[in-house]
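Here is how the chains run, residue by residue.
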Amino acid sequence: MNTVFDKLFSLVSFSLLFCTMHGHAEPSTELKVYDLNSRCIPESTVRQVAGRLGPVTPNGGSNDRATNASKSLYAVLEFYETVFGWRSYDGEGSPIPLLTNFAWERGGGCDGLNAYWSSHGLMGILRGEPRVPNLDLGKDIDIIGHELTHGVFGHTQQLHHQPCPVDVLNESVSDMLGVTAKVWVGSEKDFENLRPDVNSYKMAHNFASIYAYLGHPMPGGALRIVSNPTISGHVDHYSDFTESCDWKGGYSEYPYTGITNLAFYLMAEGGRHPARAVNIEVEGIGLANAARVIFYVLEHRIPFNDLPEFARAAKRAAQRLFGENSFQEKSVHNAFAVVGLFNSAWKEPESAPEPESAPEPESAPEPESAPEPAPVQDPDLTRPFTISGLTFVYILIGGSAVLAISILFMGALNQPRLAVAYAGGGSSSRPYPSPRPPQPQRDVDQQHDAQDGAARYFGTEEHGSGVVSPSSVSVSIDCGGATCSLSLNDEPRTVGREALLPGSVGAKISEDGYIGRRHFEIWYQSDVDKIYIRNINANGTTINGLRLGEGEKGSYSANKPFEVIIGKTILTIGRV
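From a predicted model like this one, the values you see are computed outputs, not experimental measurements.

Definitions and limits used
Residues numbered from 1 in each chain as written. Predicted model: local features only at pLDDT ≥ 70, side-chain atom pairs only at ≥ 80, totals over all residues. Heavy atoms only, no water. Helix = DSSP H or I, 4+ residues; strand = E, 2+ residues; numbered from the N terminus. Buried < 20%, exposed > 50% of the residue type's maximum accessible area, 1.4 Å probe, protein only. Contact = heavy atoms within 4.5 Å. Areas by Shrake-Rupley, 256 points an atom, 1.4 Å probe, with all protein chains shown as cover. Pairing = 2+ DSSP bridges. Axes fitted to C-alpha atoms, helices over the stretch in contact; angles between N-to-C directions. Arc of directions from axis to C-beta. Disulfide = S-S within 2.5 Å. Parallel < 35°, antiparallel > 145°, perpendicular 65-115°, else oblique. Left-handed = near helix turned anticlockwise from the far one by under 90°. Nonpolar A, V, L, I, M, F, W, Y, C, P; charged D, E, K, R; others polar.

Trainee: A description of the overall build of the protein chain should follow, citing residues and the corresponding values.
Mentor: Across its full length, the protein chain carries 13 helices and 17 strands. Residues counted as buried form 45% of the 576 residues belonging to the protein chain. Of all intrachain contacts in the protein chain linking residues separated by at least 6 positions in sequence, the fraction that spans at least 24 positions is 58%. Of the roughly 30400 Å² of accessible surface on the protein chain, a fraction of 53% belongs to carbon and sulfur atoms.

Written out as C-alpha cells, the structure is:
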C-alpha cells in the first residue's frame, strides 16, 4: 500500500514540477522516461535493458539528465500541439518512450555523444560527457526538436526506402523545425512574436561545447549553422549536390542539408546568399511563417522525391496559405532560387495594359433656341366627350364575346396538364414531386459533363437503349510488355509506389523514382461507361498527351485503350 502511495506522490510531484518549469499546461502526449544510469550498453540491447529497468519519475535536479531530457521533450511536444495542433509524432498523441543517460558501447569505448529517433516510435538522448555535467545534451531543445521532427517526417511521408535526397530533406526539415521550437521556447512561447538572434540558427550548443572540451572544436561553435552552412564545411548550393550522397568517399546526407537549410533561413530572415554571388535578394516573411510553410508541406503530404520537388512543394504550400502571387509565395520562390532549386528569381505575373481612353470630342456650342410661340388651345380638347346609345351597345356586346372566348381557351389549355400530373405522377415540368428520390450526383469534370450533355449519377442508370450497364469493368494494364488485370468499380483505387498494381507492372512502378507514393486515382463509372482518372501528385499525370495537374481529373471511354504516363513509365489501359 505504501509503495502505491509513494508512486502516486512521486508522479504528482513531477507533474507539479513540470508545470512550474514550463508555466503552461502539460501536453497530452504521455512520456515514459527511462533513466539508464550512465550505463555503457551495446546499441542492439538498449531497448531490452530499458525494458528490464522500467520507467522512472525524474527527480527534477538541474544536473539530472532524465529531468533535462524530459523537460525539453515536453517543451517540443507543447510546441507542436500549441502551434500546429499536432499531437506526438503521429498527430494522434501516441505515447513516446524516452531513453536517457546512457552511452553506446563501440570499438572498445563508450560513445555518449548522440541523440536519435527510432522507427519504433521512441527517442534516445545519450549522456554526453560525464566529466562536464552542466553540458547536457538534454538541454539542447533544437536537438530534441530535431529528433521528434524525424518522427513527424517519417509518419507523414510514410517512408520505407529513403533515397539520398529524401534522407537529406529528412535531416534538413528536422533542423528547420528544431530551430523554430528552440526560438519559440526562448520567446516565452509566443509564436506570433518570435525573437531569433544571431545564435538561434546555430544547432546543438551543448553538443558542440562538449566537443570543444574534448579538444575538437566545431567551426562556428555549432554542429550545423543554418544561416551559413559553409562555415560548417557544408554544401550551400544545389549545383554541388550529388544524388548518391557521396561525401569524401562515403555516404553522408548531413553535408547536403545546407542547401535547403539556407533556403529556410533566407525565407525567414531575408537577404542574399552569404557565400556566393547570386543576384537575388530575398525579403523575409518571418520565422513563424517560414515554419508554417514547412509544416504545411508535411501535414498535407504535398509529395516530393528530391530537393527541387521539395522547393515546389514549399512554394505550393505558401500559395495555399497566403494566396496566389502573394508576397510570401514570392519570398519562398526566391529563397529556393538563391540555392539553385529554381532556375531564376520570381517573375511578377504580366498584367494586360489598360487601353488608353480616346479624347472626348469637343462639344459644339448649343444653338440659341428660338422664342416659343404662344400656346394655341385645341378646340377638340374643349369639346365634351359623348357616345351615342347605339355605339355603346356595340362596345358592350363585343367585349363580352372576347371575355367568353378567352375563358374557354384557357380551360382547354390547362385541362390536359392537370390530367397528366395526377394520372402519371409528374409531367416534364414536374409540378409535383417525383415518387422516385433523386440519385446522388457524382463530382465529374464539368468539361466532360458538357460533352455528355447531362449530369451523371453513381450506380446504374438506364441508357437510351434501356440496357443497364454493369457496375464494374475488368481492364488490362500493359507496361512495356508486362501486363496485369484489374477490376474497377465506382470506388477510386490509388496507384503509386506505395499503392502498387499487381505483379510485374507493380514492380516496374516501384522502380520509377519519379512516381509519387500516391500518384493517381482510377475508377469506373457505369452510367456513362467511362474510366475516370484523378491526378493527386505534383509531378502530374499525362493521358493521351493531355497533362492533368494536381487534383485535376478526366474521363475516358472504357471501350478504347488510352495511354497514361506517370514519371518515366507508360501504361496502356483498356477493357478486357
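Moving on from the model shown.
Trainee: Quick rundown of the sheet that holds strand 16 (residues 562–566)? Include the residues and the values.
Mentor: Here we have six strands laid out as an open sheet, ordered 9-8-17-16-13-14, and antiparallel in their pairing. Strand pairing shows two members of the sheet lacking a second neighbour, strand 9 (482–488) and strand 14 (546–548), which therefore form its edges. Mean inter-strand twist for the sheet, computed between neighbouring axes without regard to direction, equals 25°. Together, strand 8 (473–479), strand 9 and strand 17 (569–575) form the strand contacts of helix 13 (residues 503–511), whose direction differs from that of strand 9 by roughly 105°.

Trainee: I'd like a rundown of the sheet that holds strand 11 (residues 520–525), residues and numbers included.
Mentor: Here four strands make up an open sheet; going across it, the order is 10-11-12-15 and the pairing antiparallel. Edge positions in the sheet fall to strand 10 (493–495) and strand 15 (553–557), since each has one partner strand and no second. Neighbour-to-neighbour, the strand axes of this sheet turn through a mean angle of 25°, independent of strand direction. Across five bridges, the pairing between strand 12 (residues 530–535) and strand 15 is antiparallel. Bridge pairing links Ile531 to Tyr556 in strand 15.

Trainee: Which residues make up helix 13, and what values go with them?
Mentor: Listed as buried for helix 13 are Val505, Gly506 and Ile509. Summarising the axial view, the buried residues of helix 13 lie within an arc of 100°, below the 170-degree limit, and thus occupy one face. Residues of helix 13 that are exposed and point over 90 degrees away from its buried face: Gly503 and Glu511. As for helix 13, its buried residues are in contact with strand 8, strand 9, strand 10 and strand 17.

Trainee: Mind laying out the state of the cysteines, listing which residues take part and the relevant values?
Mentor: What the rule picks out here adds up to two disulfides. Between the sulfur atoms of Cys164 and its disulfide partner Cys245 the distance amounts to 1.8 Å. Looking down the S-S bond of the Cys164 and Cys245 bridge, the torsion is 80°, so its handedness is right-handed. Pair noted here: Cys164 is in helix 5 (residues 164–186) and Cys245 is in the loop between helix 6 (205–213) and strand 6 (246–247), with a separation of 81 residues, a long-range link. Residue class for Cys164 comes out buried when judged on its relative accessible area of 5%. Disulfide partners in the protein chain, listed by the sequence order of the bonded cysteines, are 1-2, 3-4. Its sulfur unpaired, Cys484 is 8.8 Å from the next cysteine sulfur, which belongs to Cys479.

Trainee: Explain the packing of helix 7 (residues 257–269) against helix 8 (residues 287–299) residue by residue, including any values.
Mentor: Here helix 7 crosses helix 8 at 135°, and the two axes come no closer than 7 Å. What the angle tells us is that helix 7 and helix 8 run oblique. Read as a crossing pair, helix 7 and helix 8 show a hand that is right-handed. When helix 7 is examined against helix 8, the residues Phe264, Met267 and Ala268 are found in contact with a partner set consisting of Leu287, Ala290, Ala291 and Ile294. Considered class by class, the residues forming the contact of helix 7 with helix 8 number seven nonpolar, no polar and no charged.

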